[in-house]
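# Coordinates in review
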Amino acid sequence: MSKLLEVNHLTTQFKVDKNKIIKAVDNSSFYIDESETLAIVGESGSGKSVTALSVMQLVPNPPGRIAGGEIMFRGRDLLKLSKAEMRAVRGGQISMIFQEPMTSLNPVLTIGRQLTEAITLHMKLSRKDAEARAVELLRKVQIPDAEKRLKTYPHQLSGGMRQRVMICMALSCNPKILIADEPTTALDVTIQAQILDLIRTLRDEEKMAVMFITHDLGVVADIAHRAVVMYAGSIMEMGLKRDLFLNPLHPYTQGLLGAIPRLSTPRGQKLYTIPGIVPDLSQLPKGCPFCTRCDQCMKTCHEQKPPLRRLPDGREVRCFRVEGGEEIG
Amino acid sequence: MADKTPMIEARHLTKHFASKSNRLGGETLIVKAVNDISFDIMASETFGLVGESGCGKSTTGRLLIKLLDPTSGSIIYKGRDIAGYSNREMRDLRKELQIIFQDPFSSLNPRMTCLDIITEPLLVHTKMSRAERTEAGYELLNYVGLPKQYALRFPHEFSGGQRQRIGIARALALKPRFIVCDEPVSALDVSVQSQVLNLIVQLQEEFDLTYLFIAHGLNVVKYISNRVGVMYLGSIVELAGSDEIYANPLHPYTQSLISAIPDTDVDNKRQRIILQGDVPSPSKLPTGCPFHTRCRECRKECKESKPELKEVSPGHQVACFLY
């Protein structure tokens, strides 16, 4: 499999105060292969959403700014494209769906109008052809009475249906990559299962890659091939899903997995806890961002930030406790 | 462990809300949030209530401690039916019946200090002096694992998990017997959730508390509860011990709910049951079984009459014509 998207040393900063700059994403490198699902997992403030927005170049500027790195997509660095060139990529070859389907749809325009907008723009179809395409897409995301739905407004649809419309919109131009930013967080579990199933089916049918951003490790176990674990703007660990869940190497990944009650956890058994809280990005510790909460912390961890290492089997870990492999940044 | 005397009993509890379909009048919609549910919560146990949004689980929690007045039915607490009690009659009981809310951001007054928030119940319900209340407040902070020096801070200076601890301290202030935990960890980060769950379990042992634990994540509920009730559209469709309900779910809704929970056991290959369609609106309940519109096992009788909750094996109740 060839690398479809390669993000190298991406750093995205936000100016939060006159003289204060925080790095929401700090020197992150990862890639996505064709037709694979890469999950980016992290808690609030870990930089997972900003990573997605950086790929789309939707980081609000100011206060945000992509300060360095490159985003290689099909041989081109997206960061070097002109605004017009990037517009052709965004929503065309790379498209995105968001967490809250109500706020990302325009409440005063019909579903049909919103769906055909991207189609007419990117595919240069007439309105009539665009509408036909929209109906076809609505059927693909399993919305009943597709023709009638074109004339409805977002408030007339349920949360699950709205997310289907969002997915439909994202798919309208046959993207190569679908970026899904917590698309099921606002939905109920049975509806979440429907949407995850839909994304999985569409990924296989359309042969697109999915970058799935979530805080829910259960969802990662369900949908991903590979996952990147982020903490306070840095990638802590990357690996194939099974490796990551069965043999987590980084203390943070180990802690996260231990903290979640599984269906097999006996009642009342004390859950593992990661002490403390997610640090404020403007007050990160000097060394490893996780050192203040880590139960395996050593002296060096407080002094310098461990590099990300790529192990011989392809796993990547940022921890002084893990040795071998090569430093990759 | 849980003994066999009920702490609180719900009998045919029903709550309907009236809502206008639009601002200009028109027909009045009746939202049937909770429909004729009956269950007991035993002393010292944790009773879990799960279901999707709009299934009436939070309304049920609020009805039990009379933050809402039931439309009909009774609530038996200490042998008395408190369903018809006035606010004044409830006042003494409020000390014993407390609640922890889901959102630690909107449930704390931003203009009060942490200490004022957790000692306010003492101000209202006891004749303690200020010094005594402050003393009690520090003790409460200690119980929930917050450092003393945080006492005079305001809510915005705390993280989500810490705020939830303040909410828990406030609920504990009057030494309650029964606490409704309404999705207490849903709004928290994963690494903080387990801290709060451990605290909730630990306090139960320390103070011999009885919990109604409401959540939509069945893994959290399974972990914390002795028994679990599954709600769908205002009805309890299944009720059993927490190990039993997971190992042997009977109702088709429970089966699909359990199969839909994303679990982190990657090697646990479960068969997924994906439900079709959405939950019907509680203002337009389907006839018959509330679940029949999405059920794989739906038969003719399901559309016509509503199945009653009945015991199919000791302690395992289900409302379905299949059993």
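Residues numbered from 1 in each chain as written. Chains lettered and ligands numbered in written order. Predicted model: local features only at pLDDT ≥ 70, side-chain atom pairs only at ≥ 80, totals over all residues.

The next thing to look at is the overall build of chain A. Across its full length, chain A carries 11 helices and 13 strands. The C-alpha atoms of chain A give 21 Å as radius of gyration, which agrees with the globular expectation for 329 residues (20 Å, within 12%). For chain A, the spread of C-alpha atoms along the three principal axes comes to 65 × 50 × 40 Å. Put simply, 61% of the contacts in chain A that link residues at least 6 apart link residues at least 24 apart. (Helix = DSSP H or I, 4+ residues; strand = E, 2+ residues; numbered from the N terminus. Rg over C-alpha atoms; globule rule 2.2 N^0.38 Å. Contact = placed C-beta atoms within 7 Å.)

Here we take up the overall build of chain B. Across its full length, chain B carries 10 helices and 12 strands. Over its C-alpha atoms chain B spans a radius of gyration of 21 Å, differing by no more than 12% from the 20 Å that the globule rule assigns to 323 residues. Projected onto its principal axes, the C-alpha coordinates of chain B cover approximately 65 × 55 × 45 Å. For chain B, the residues scored as buried account for 47% of the 323 residues in total. (Buried ≥ 20, exposed ≤ 12 C-beta atoms within 10 Å, placed from the backbone.)

This paragraph deals with the sheet that holds strand β4 (residues 64–73) of chain A. Residues and elements named next belong to chain A. One open sheet holds the four strands; their spatial order is β2-β1-β4-β5, and the pairing between them is antiparallel. Strands at the two margins of the open sheet, each flanked by one partner only, are β2 (20–33) and β5 (76–77). Relative to β2, strand β1 (residues 3–17) is paired through 10 bridges, and the arrangement is antiparallel. When the bridges of β2 are listed, Q13 appears paired with K23. The sheet contacts of helix α1 (residues 48–56) involve β1, β2 and β4, and relative to β2 the element is tilted by about 70°. (Pairing = 2+ DSSP bridges. Axes fitted to C-alpha atoms, helices over the stretch in contact; angles between N-to-C directions.)

To continue, consider the domain arrangement of chain B. Residues and elements named next belong to chain B. Segmentation of chain B into domains returns domain 1 (6–96 + 176–318) and domain 2 (110–175). Taking the mean C-alpha position of each, domain 1 and domain 2 sit 29 Å from one another. Facing the 12 residues of domain 1 at the interface are 13 residues of domain 2. Across the side of domain 1 that touches domain 2, the residue classes break down as nine nonpolar, one polar and two charged. (Domains from an automatic or database assignment. Nonpolar A, V, L, I, M, F, W, Y, C, P; charged D, E, K, R; others polar.)

Structurally, D278 of chain B is set in the loop between α9 (252–260) and α10 (300–304). Spatially, the C-alpha atom of D278 of chain B lies 12 Å from that of C295 of chain B, the residues being 17 residues apart in sequence. If we ignore the near neighbours within four places in the chain, the residues touching D278 of chain B are S158 and G160 of chain A.

Turning next to the domain arrangement of chain A. Residue and element names in this part refer to chain A. Segmentation of chain A into domains returns domain 1 (3–93 + 173–262 + 271–327) and domain 2 (105–172). On a C-alpha basis, the centres of domain 1 and domain 2 stand 30 Å from each other. Residue-level contacts link 14 residues of domain 1 with 14 residues of domain 2. No other element matches the six residues that helix α7 (residues 189–206) contributes to the side of domain 1 that touches domain 2. Residues belonging to the side of domain 1 that touches domain 2 are distributed by class as follows: 10 nonpolar, three polar and one charged.

Here we come to the interface of chain B and chain A. Between chain B and chain A, the residue contacts involve 34 residues of the former and 41 residues of the latter. Listed by contribution, the elements that provide at least two residues to the side of chain B that touches chain A are α6 (190–207), α7 (218–224), α8 (242–247) and α9 of chain B. Top element by residues in the side of chain B that touches chain A is α6 of chain B. It accounts for nine residues. Grouping the amino acids of the side of chain B that touches chain A by side-chain chemistry returns 14 nonpolar, 13 polar and seven charged.

Residue and element names in this part refer to chain B. Taken together, the two bridges between strand β4 (residues 72–77) and strand β5 (residues 80–81) define a ladder with antiparallel strand orientation. Paired with Y77 across the two strands is R80, which belongs to β5. The antiparallel hairpin formed by β4 and β5 contains two residues in its connecting segment, where K78 sits at a positive phi of about 50°.

Okay, the confidence of the model for chain B next. When pLDDT is averaged along chain B, the result is 89, and 96% of the positions lie at 70 or above. For this predicted complex, the interface score ipTM comes out at 0.79, alongside a pTM of 0.85. (pLDDT = per-residue confidence, 0-100.)

The next subject is the sheet that holds strand β8 (residues 210–215) of chain B. All names here are of chain B. The eight strands lie next to each other as β6-β7-β8-β3-β9-β10-β12-β11, forming an open sheet whose pairing is mixed. Unpaired on one side and paired on the other, β6 (97–100) and β11 (310–313) mark the two borders of the sheet. In this sheet, adjacent strand axes meet at a mean angle of 25° when their direction is disregarded. Pairing geometry for strand β3 (residues 46–50) and β8, over five bridges, is parallel. The residue of β8 that forms the bridge with V50 is A215. Contacts between helix α1 (residues 57–64) and the sheet are confined to β3, β7 (178–182), β8 and β9 (227–232), with β8 contributing the most and set at about 155° to the helix.

All right, on to unusual backbone geometry then. Residues and elements named next belong to chain A. Look at the link from N61 to P62: it is a cis peptide, with omega at -15°. Among the secondary structure elements, P62 is positioned in the loop between α1 and β4. Residue P63 is bonded to the preceding P62 through a cis peptide linkage, with omega at 10°. Counting through the fold element by element, P63 comes out in the loop between α1 and β4. At S35, a residue that is not glycine, the phi angle is positive and equals roughly 55°.

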